[in-house]
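As a plain string of letters, each chain reads:
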Amino acid sequence: MRATGICPKCSSKEIVVIPIGRGANNWIKVDLFALIKLTRYICASCGYMEQYVEGEKSFSKLRRKIENV
Ligand SMILES: [Zn+2]
């Protein structure tokens, strides 16, 4: 959906992008001091939604989480 701009469920091209930092639930707490940000892609026809972690800082936090397991 992010790459194609087309909903994989209903083939609509009406995709709404909710960028990083908009909305209260666009964050995931990965540990006590680390938050990662999400961007959401929502189909305006059927409501299907995908969300992606964005930004190198966020990926670094995820890698650190793996290394600490
Ligand atoms: Zn759809």
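All of these numbers come straight from a predicted model, not from anything done at the bench.

**Student:** Residues and numbers for the coordination of the zinc ion, please.
**Tutor:** Every protein donor of the zinc ion is accounted for by Cys7 (SG), Cys10 (SG), Cys43 (SG) and Cys46 (SG), and the metal-donor separations fall at 2.3 to 2.4 Å. Because the angles between the four donor atoms bound to the zinc ion fall within 104 to 115°, the donor set is best described as tetrahedral. Linear spacing of the donor residues for the zinc ion on their chain is C-x2-C-x32-C-x2-C. Since its relative accessible area comes to 1%, Cys7 is described here as buried.

**Student:** Describe the side chain of Ser58, with residues and values.
**Tutor:** Among the structural elements, Ser58 can be located in helix α1 (residues 56-67). Of note is the side chain of Ser58, whose polar atom sits 3.2 Å from the backbone oxygen of Glu54. Other than its neighbours up to four places away in sequence, Ser58 contacts Ile36, Lys37 and Val53.

**Student:** Could you give an account of unusual backbone geometry, naming the residues involved and the relevant values?
**Tutor:** In this structure, Ser11 takes a positive phi of about 65° despite not being glycine. Looking at the secondary structure, you find Ser11 in the segment before β1 (15-18). Here Ser11 falls in the exposed class, since its relative accessible area comes to 54%.

**Student:** Outline the environment of Arg64, listing residues and values.
**Tutor:** Among the secondary structure elements, Arg64 is positioned in helix α1. Under the relative-accessibility criterion, Arg64 is labelled partly exposed at 47%. For the pair Arg64 and Ile36, spaced 28 residues apart in the sequence, the C-alpha separation amounts to 12 Å.

**Student:** Which residues make up the pattern of salt bridges, and what values go with them?
**Tutor:** Evaluated as defined, the whole model comprises two salt bridges. Ionic pairing is found between Glu54 and Arg2, a salt bridge with its closest N-O pair at 3.4 Å. Remark: Arg2 occurs in the segment before β1 and Glu54 occurs in the loop between β4 (49-53) and α1; sequence separation between them is 52 residues. With a closest N to O distance of 3.0 Å, Glu56 and Arg63 form a salt bridge.

The rules behind these values
Residues numbered from 1 in each chain as written. Predicted model: local features only at pLDDT ≥ 70, side-chain atom pairs only at ≥ 80, totals over all residues. Heavy atoms only, no water. Donors = N, O, S within 2.8 Å, 3.2 Å for Na, K, Ca; no water. Tetrahedral: all angles 85-135°; square planar, octahedral: opposite > 155°, others 65-115°. Buried < 20%, exposed > 50% of the residue type's maximum accessible area, 1.4 Å probe, protein only. Helix = DSSP H or I, 4+ residues; strand = E, 2+ residues; numbered from the N terminus. Polar contact = N/O pair within 3.5 Å; in protein donor to acceptor, adjacent residues only side chain to side chain. Contact = heavy atoms within 4.5 Å. Salt bridge = Lys/Arg side-chain N within 4 Å of Asp/Glu carboxyl O.

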